Amino acid sequence: MHLARFPRLHLAHLPTPLEPMERLSKELGCEIWIKRDDCTGMSTGGNKTRKLEFLMAEAVEMGADTVMTQGATQTNHGRQTAAFAAKLGMDCHILLEDRTGYNNDNYNGNGNVLLDHLHGATTEKFPGGTDMPAEMEKAAEAERAKGKTVYVIPGGGSNPTGALGYVNCAFELVGQANDRGLVIDRVVHATGSSGTQAGLVTGMKAINSGIPVLGIGTRAPQPKQEQMVYDLACRTAEKLGCPGIVAREDVMANTDYVGEGYGLPTESGLEAIRMFAELEGILLDPVYSGKGAAGLIDLARKGEFEGQRIVFLHTGGAVGLFGYDFAFRG
Ligand SMILES: *Cc1c(COP(=O)(O)O)cnc(C)c1O
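Since the structure is predicted, the reported quantities are computational estimates derived from the model, not experimental observations.

Caption draft 1: Examining the pairing of strand E7 (residues 186-191) more closely. Of all six residues in E7, six are buried, a share of seventy percent or more. Relative to strand E8 (residues 213-217), E7 is paired through five bridges, and the arrangement is parallel. In the strand pairing of E8, His189 is matched with Gly215.

Written as structure tokens, this is what we have:
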């Protein structure tokens, strides 16, 4: 599989470490490793950095002077896009959707929002339920009318170009496992806009790794989440020149840990954040990686991973902790 055929900016800190989590493994009674994609670099890192290596390379190729994207108020993807734009000397505009109704200063101005502005991006808020892709097209047209060349990135950077970043991650992870003689039984991670899982599944199939990937949902119900991942995996495989390699049953998502909704912290997610912090010195977040880890922990406690070696892909997000400080009080 020849990924070098696609334009890419080599700005991520790769390969990310693959580390054992000994204390957590002991606590849960199965062997759990962690793939540190929270350490990818660009404004602290996270999973969007791998996607943006490919997306922003396209922006450079088209001669863009402006990038635009959208997400929830505390979007990690927006923050990482703002960092890439800063590095490349482009303007960055981020459309923020209020998906939680939280009306406090830290949620609306600290964490990712603080960093968006530090990187020189402009932000604009919209009420929950807004048709964000349509608003983004409108905003892009307004900039184009002023003579700007705008590259528009979908929410989460989830399209076949962005997913190439996680095809690459699958190759990287399998390479690390091969070098160390480490048989991996399953990869578990938080899934949202679907690019991460779509890329991973496609990459794992493309090299015939035989390693299943389990996404833990953070927003949509299971049928919708799996369909989104499957559709994007199919389009990613087509882009790679190997259409048809992903079967519907290769896409597995467990959406039992979403709680009341996207961006709303759960008890099990907060417990997972505390466990990783106290047992492993690793920071998760309440929107994504904490809910992903809550799924990992609960399934491990139920014995689903007995005798297996699991890799938890840490997708990042700890910057969001500073927008959610209220969740940890009392
Ligand atoms: C965006 C994000 C995810 C979800 O990845 P998708 O590719 O959108 O499914 C998981 N964790 C963190 C921290 C994220 O920012």
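Caption draft 2: Representation of empty space enclosed by the protein within the structure. Scanning the model with the defined rule gives one cavity of 30 Å³ or more in all. Empty space within the largest cavity amounts to approximately 70 Å³. Lining the largest cavity are 15 residues, and of these Gln74, Tyr262, Val287, Tyr288 and Tyr324 sit closest to its centre. A class-by-class count of the residues in the lining of the largest cavity yields seven nonpolar, seven polar and one charged.

Caption draft 3: Seen up close, the nonpolar core. Within the largest apolar cluster, 28 residues are counted, with the highest numbers of intra-cluster contacts made by Ile32, Phe276 and Phe312. Every element with two or more residues in this core is listed here: helix H1 (22-28), strand E2 (31-36), E8, helix H10 (267-280), helix H11 (289-301) and strand E10 (309-314). Apart from residues no more than four positions distant in its own chain, Ile32 is found in contact with Pro20, Met21, Leu24, Ser25, Leu296, Ile310 and Phe312. With 24 residues, the next largest nonpolar core counts Val174, Leu200, Met204 and Val251 among its residues.

Caption draft 4: Fine view of the side chain of Gln70. Within the secondary structure, Gln70 sits in strand E3 (residues 66-72). Given a relative accessible area of 9%, Gln70 falls into the buried group. Among residues more than four places away in sequence, those in contact with Gln70 are His77, Leu95, Arg99, Met132, Pro133, Met136, Ile153, Gly155 and Gly156.

Caption draft 5: Layout of helix H7 (residues 160-180). Here H7 contains 21 residues, and its C-alpha end-to-end distance of 30 Å stays within 8% of the 30 Å for a straight helix at 1.5 Å per residue. Within H7, 17 of the 21 residues are buried, which leaves it mostly tucked inside the rest of the structure. Capping the start of H7, Asn159 holds a side-chain oxygen 3.1 Å from the backbone nitrogen of Thr161, two or three residues further along.

Caption draft 6: Spotlight on unusual backbone geometry. With an omega of -5°, the peptide bond between Leu14 and Pro15 qualifies as cis. Positionally, Pro15 belongs in the segment before strand E1 (18-20). One non-glycine residue, Ser43, lies in positive phi territory at about 55°. Looking at where Ser43 falls in the secondary structure, it is placed in the loop between E2 and helix H2 (48-61). Not every positive phi belongs to a glycine, and Thr44 is a case in point at roughly 80°. Here Thr44 shows up in the loop between E2 and H2.

Caption draft 7: A look at the packing of aromatic side chains. Under the defined criterion, the tally for this structure stands at seven aromatic pairs. Between Tyr102 and Tyr107 the ring centres are 5.3 Å apart and the planes differ by 75°, which places this aromatic pair in the edge-to-face class. Taking relative accessible area as the criterion, Tyr107 reaches 1% and is therefore assigned buried. Relative to Phe326, the ring of Tyr102 has its centre 4.9 Å away and its plane inclined at 65°; by these criteria the two rings are edge-to-face.

Caption draft 8: Molecular detail of H11. Between its first and last C-alpha atoms H11 spans 18 Å; for 13 residues at 1.5 Å apiece the expected length is 18 Å, and the two agree. Within H11, 11 of the 13 residues are buried, leaving the element largely enclosed by the surrounding structure. For H11, the set of buried residues is Ser289, Gly290, Lys291, Gly292, Ala293, Ala294, Gly295, Leu296, Ile297, Leu299 and Ala300. Backbone geometry just downstream of H11 places Gly303 in the positive-phi region, at approximately 85°.

Caption draft 9: Inspection of the site of the ligand at higher detail. The environment of the ligand is formed by 17 residues, the closest being Lys48, Lys51, Ser193, Thr196 and Thr315. At 2.8 Å, a side-chain N or O of Lys48 approaches an oxygen atom of the ligand. Asn76 has a polar side-chain atom sitting 2.9 Å from an oxygen atom of the ligand. Summarising the interface, the protein chains cover 98% of the accessible area of the ligand, which totals 380 Å² for the free molecule.

Caption draft 10: Representation of the sheet that holds E8. Read across the open sheet, the six strands follow the order E1-E2-E10-E7-E8-E9; overall the sheet is mixed. Of all strands in the sheet, those with a lone pairing partner are E1 and strand E9 (252-254), marking the two edges. Ignoring strand direction, the axes of neighbouring strands in this sheet form an average angle of 30°. Sheet topology note: the E7/E10 ladder contains three bridges and is parallel. The residue of E10 that forms the bridge with Val187 is Val311. Sheet strands touched by helix H9 (residues 222-240): E7 and E9. Its angle to E9, the strand with the most contacts, is close to 145°.

Reading the values: rules and limits
Residues numbered from 1 in each chain as written. Predicted model: local features only at pLDDT ≥ 70, side-chain atom pairs only at ≥ 80, totals over all residues. Heavy atoms only, no water. Buried < 20%, exposed > 50% of the residue type's maximum accessible area, 1.4 Å probe, protein only. Helix = DSSP H or I, 4+ residues; strand = E, 2+ residues; numbered from the N terminus. Pairing = 2+ DSSP bridges. 1 Å grid on protein atoms, 1.4 Å probe; cavity = no way out; pocket = protein on both sides within 12 Å on 5 of 7 lines; lining within 4 Å. Points joined across faces, edges and corners; volume = space filled by probe spheres on them. Nonpolar A, V, L, I, M, F, W, Y, C, P; charged D, E, K, R; others polar. Core = buried A, V, L, I, M, F, W, Y, C linked by side-chain atoms within 4.5 Å. Contact = heavy atoms within 4.5 Å. Expected span 1.5 Å × (residues − 1). Polar contact = N/O pair within 3.5 Å; in protein donor to acceptor, adjacent residues only side chain to side chain. Phe/Tyr/Trp six-rings, centres within 6.5 Å; stacked < 30°, edge-to-face > 60°. Near = heavy atom within 4 Å. Areas by Shrake-Rupley, 256 points an atom, 1.4 Å probe, with all protein chains shown as cover. Axes fitted to C-alpha atoms, helices over the stretch in contact; angles between N-to-C directions.

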